[in-house]
Amino acid sequence: MTENGEDLVFEGETFGSSIPLAEVPHVVAQNRVIFESPRHRVSLREIRAHSHGIIVVLDRVFRRLPVEDYLAYRVALMDSYAEGTGALLDVSAVDASQGNPGPVVLDCVLGQGDETRNASFDHLEYWCPWEFSTTDLHLSLRETSLGQHLDFHLPAAVLRNAQAQVFTVDSDGFGFPEN
Amino acid sequence: MAQHEEPSRAPDDDVLGTVSFGFVASSNTDHGMNLNDLGFVFDDGQPETGVGKRAFEQSITAMNQALVGYAQVLAEREEKPSELLTSADTDPAVLASSDQVHEALLGLKTGHLAYTGHPFLEGPLTRKARQDEDPGTYVETDGEPAALQRAGSVSTGPMARELGVSVALNHLLYSGDGRTVRLEVATVHSNGVMLGIECAQLRGERETADFWARRSGGTTAVEIEAHDPLSGPDYTFEPLDLGAARFTQVARHRGELWMPGVLAAQELSCTLYVSYLPNIHGDETTLELGFDLDTAALREATTHIQRFDEES
């Protein structure tokens, strides 16, 4: 949020071109803490399923330690951002025999930050452009100040079921122009 | 579209770490604990004394430790202790230990409320801010902005120190004449619910670019009225202007409307009013949509709220 109280939003360049706009996504709440330390908390808030992809929504908290001087906390916070704001990789498709080339970096389509005196909150959204059938989605959060890769996975059944419930809004007969 | 097992995107190590992204840090002094809204939600309106008693006892211990720590810091500066407590003092050690006392006091108030069902303190517990404060620094605020407190306004947002719990709604309230309205997700906080609303406009196949630009170019506003049909209270909330993402064929208007205090309702019947969302003909008739929120499910979600100042 700016000093004028306006939210600043940074969107990936591909937003709007790869995420289907003419459909209503199906939300599946997750609320899973996937990393916890005195300094950090990373949680998987929800997934937003589209017909041929999902948006993975993460929350990340950088906390001021209980006895930490405020200026020291601010320096640590800035250092953590300098170390990386996070890249989410799909590491599921790593079987070379299948012709898969390796981990895929997912587009970060939304990043928003807010801050109080004692913590910084980041809301992150990543676009994963696959249709899911039987293979679980294995993800890895890297390029952060966590000091380690953060691996977690989403079951294929959950993703497949969510994608099956996506509502297509052009089904009411209005259609869209050709261009 | 490629299947998950067959990604169409080639790997490129050079891409690592180059994802375009930015963060925004703010110095918003309006964010802070809202003591006016501190509370627990109890079944049938009655406090759960076992949980409350434990919370109260733990808060007393924490308060004692915080005061002892504060006294030690003051003792180290005992040459002029009275001056340390004036508004001009900015010694980091004093402020840090003072912060601990503030934290403990908040815990004490919360514990008391959980134990007895009643607050023992009213009003903000805020260190007096310096008049000439550097705008680049932060002031610990325990409640709502002072102007709002004076005006008697209700809570303007969730507790600053907790991550809410997402409850998927996926409730399509309206679809027709080139418009859709749906409830996407409810984010549950201990002092209320943030309701995610998305309104969409769909471009008609014979809609010209100019007409579409005019139809989708406005600011859509939503407002909710709610009442509890069992226990009676009516709830009104601040109206919300939705943010818009406009594309060639679809315009999406999204926002989160803050609903403080609704977790106390046994049932919640709501009416959503959607304004300035022109239909396929360009008419701006306000939509009036009814829906119910399952407050029992939302209350259950409060047990999973993450507070960043708690040990996990």
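The structure contained in this document is the topic of the report that follows. (Residues numbered from 1 in each chain as written. Chains lettered and ligands numbered in written order. Predicted model: local features only at pLDDT ≥ 70, side-chain atom pairs only at ≥ 80, totals over all residues. Heavy atoms only, no water.)

## Regarding the overall build of chain A
So, point 1. Helices and strands together make up the secondary structure of chain A, namely two helices and eleven strands.
So, point 2. Shown N-terminal to C-terminal, the secondary structure of chain A runs as helices and strands in the order β-β-β-β-α-β-β-β-β-β-β-α-β.
So, point 3. Taking all 179 residues of chain A together, the buried fraction comes to 55%.
So, point 4. Within chain A, residue pairs in contact and separated by at least 24 positions form 60% of the contacts whose partners lie at least 6 positions apart.
So, point 5. Summing over all exposed atoms, chain A offers an accessible surface of approximately 7,400 Å²; the carbon and sulfur share of this is 51%. (Helix = DSSP H or I, 4+ residues; strand = E, 2+ residues; numbered from the N terminus. Buried < 20%, exposed > 50% of the residue type's maximum accessible area, 1.4 Å probe, protein only. Contact = heavy atoms within 4.5 Å. Areas by Shrake-Rupley, 256 points an atom, 1.4 Å probe, with all protein chains shown as cover.)

## Section: the pairing of strand β5 (residues 221-227) of chain B
All names here are of chain B.
So, point 1. Relative to strand β7 (residues 240-241), β5 is paired through two bridges, and the arrangement is antiparallel. Bridge pairing links alanine 221 to aspartate 241 in β7.
So, point 2. Two elements, β5 and strand β10 (residues 268-275), share seven bridges in a ladder whose sense is antiparallel. The partner of glutamate 225 across the bridge, within β10, is threonine 271.
So, point 3. Pairing geometry for β5 and strand β6 (residues 234-236), over three bridges, is antiparallel. Across the sheet, residue histidine 227 finds its bridge partner in β6, namely aspartate 234.
So, point 4. Hairpin connection, β5 to β6: the antiparallel pair is bridged by six residues, and glycine 232 has positive phi, about 105 degrees. (Pairing = 2+ DSSP bridges.)

## Focus: the nonpolar core
So, point 1. Ranked by internal contacts, the top residues of the largest apolar core, which has 35 residues, are B:Ile224, B:Met259 and B:Leu272.
So, point 2. Taken together, the elements giving at least two residues each to this core come down to β2 (165-176), β3 (179-189), β4 (192-202), β5, β9 (250-260), β10, β11 (287-293) and α6 (295-301) of chain B.
So, point 3. Ignoring any residue separated from it by four or fewer positions in sequence, one finds B:Leu272 in contact with B:Leu173, B:Val181, B:Ile197, B:Val222, B:Glu223, B:Ile224, B:Leu287, B:Glu288, B:Leu289 and B:Phe291.
So, point 4. Formed by 28 residues, the second largest nonpolar core is a distinct cluster that contains A:Ile54, A:Leu106, A:Leu124 and A:Cys128. (Core = buried A, V, L, I, M, F, W, Y, C linked by side-chain atoms within 4.5 Å.)

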